[in-house]
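Take a look at the letters that make up each chain.
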Amino acid sequence: NHEERIVLNPSPAAKEILDNRQDIIFVSAHLGNWEISAIAVARAGIDIAGVYQRVLNPYVERAVYQSRLPYYRAGLFEKGHRAVIALKSSLKNGYAIALMADLRDVRGQSVLFFGQPAPSTLFPALLARHSGSPLIGVRTVRTGASRFRVDLVEIPVTRTEDKDHDVETITVSIQNQIGRA
């Protein structure tokens, strides 16, 4: 039974956001059982949209897509320009989105990631700053045999006159949160 095996564990600040907003940007990393987080968030009644990388084998692609789709009730979009437009639209329409923030992006900002400089995606920070949507870091922790705790923590979104500095600050905060995992 999912209800007993997966526990949503928001910090007080994240709980307040969950109680008062739907247009949330959830960020996570490809660590451990990261896909469990979508189950926990969907079970909490939050409709999320997500992005996925297409698998080359069409049979595997269909199976993976179909297994993820029930938890992304606001849409599951293939990585690319159309996904960016769909995610922005999802937020505008009051839906949450889920993004992986540990993606290497050679056009991104080099920030410390697990203590090493790494070219990091700026997209979650840009989207959070531009949209005004709150940013929540997600981490899934195995607590026993087929048992998980999904931790949620607010990541501050700075908005000053210096957009580039704000985006860098937010990206550093995201990567620091991932590094705490």
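Before reading further, recall that the structure is shown in the block above.
Just so it is clear, the structure is predicted and the values come from calculations on it, not from any experiment.

Visitor: Any chance you could explain the environment of Leu-152 here in plain terms?
Guide: Along the chain, Leu-152 falls in strand β9 (residues 147-155). Judged by relative accessible area, which is 2%, Leu-152 ranks as buried. Taking the C-alpha atoms as reference, Leu-152 lies 8.2 Å from Lys-15; in sequence the two are 137 residues apart. Ignoring anything within four residues of it in the chain, the contact list for Leu-152 reads Leu-8, Asn-9, Pro-10, Ser-11, Ala-14, Leu-18, Phe-26, Ile-136, Gly-137 and Val-138.

Visitor: Can you walk me through the pattern of salt bridges in this structure?
Guide: Close approach of charged atoms allows side chains with opposite charge to pair. This model, assessed by the stated rule, comprises nine salt bridges. Across the pair Glu-35 and Arg-68 runs a salt bridge, and its minimum N-O distance is 2.8 Å. Within this pair, whereas Glu-35 is found in the loop between β2 (25-28) and α3 (36-43), its partner Arg-68 is found in helix α4 (residues 58-68), the two being separated by 33 residues in sequence. With a relative accessible area of 34%, Glu-35 lands in the partly exposed category. Its relative accessible area of 17% is what places Arg-68 among the buried residues. We note a salt bridge from Arg-129 to Asp-166, for which the minimum N-O separation is 2.9 Å. Of this pair, Arg-129 sits in helix α6 (residues 123-131) while Asp-166 is found in helix α7 (residues 163-179), placing the two residues 37 residues apart along the sequence.

Visitor: Looking at this model, I keep getting lost on empty space enclosed by the protein. Mind explaining?
Guide: Any empty space left between the atoms is revealed when a probe the size of a water molecule rolls over them. Inspection of the entire model under this criterion finds one cavity of 30 Å³ or more. Estimates place the volume of the largest cavity at around 30 Å³. In terms of lining, the largest cavity is formed by Ala-101, Thr-121, Pro-124, Ala-125, Thr-171, Ile-174 and Gln-175. Those elements that place two or more of their residues in the lining of the largest cavity are α6 and α7. When residues in the lining of the largest cavity are grouped by element, the largest group, three residues, is from α7. Residues that form the lining of the largest cavity fall into these classes: four nonpolar, three polar and no charged.

Visitor: Explain the side chain of Gln-175 here, please?
Guide: For Gln-175, the position within the fold is in helix α7. Looking at Gln-175, the relative accessible area reads 3%, which means it is buried. Here Ala-101 takes part through its backbone oxygen, which lies 3.4 Å from a polar atom of the side chain of Gln-175. Ignoring sequence-local partners within four residues, the contact set of Gln-175 consists of Ala-101, Val-111, Leu-112, Phe-113 and Ser-120.

Scoring rules and cut-offs
Residues numbered from 1 in each chain as written. Predicted model: local features only at pLDDT ≥ 70, side-chain atom pairs only at ≥ 80, totals over all residues. Heavy atoms only, no water. Helix = DSSP H or I, 4+ residues; strand = E, 2+ residues; numbered from the N terminus. Buried < 20%, exposed > 50% of the residue type's maximum accessible area, 1.4 Å probe, protein only. Contact = heavy atoms within 4.5 Å. Salt bridge = Lys/Arg side-chain N within 4 Å of Asp/Glu carboxyl O. 1 Å grid on protein atoms, 1.4 Å probe; cavity = no way out; pocket = protein on both sides within 12 Å on 5 of 7 lines; lining within 4 Å. Points joined across faces, edges and corners; volume = space filled by probe spheres on them. Nonpolar A, V, L, I, M, F, W, Y, C, P; charged D, E, K, R; others polar. Polar contact = N/O pair within 3.5 Å; in protein donor to acceptor, adjacent residues only side chain to side chain.

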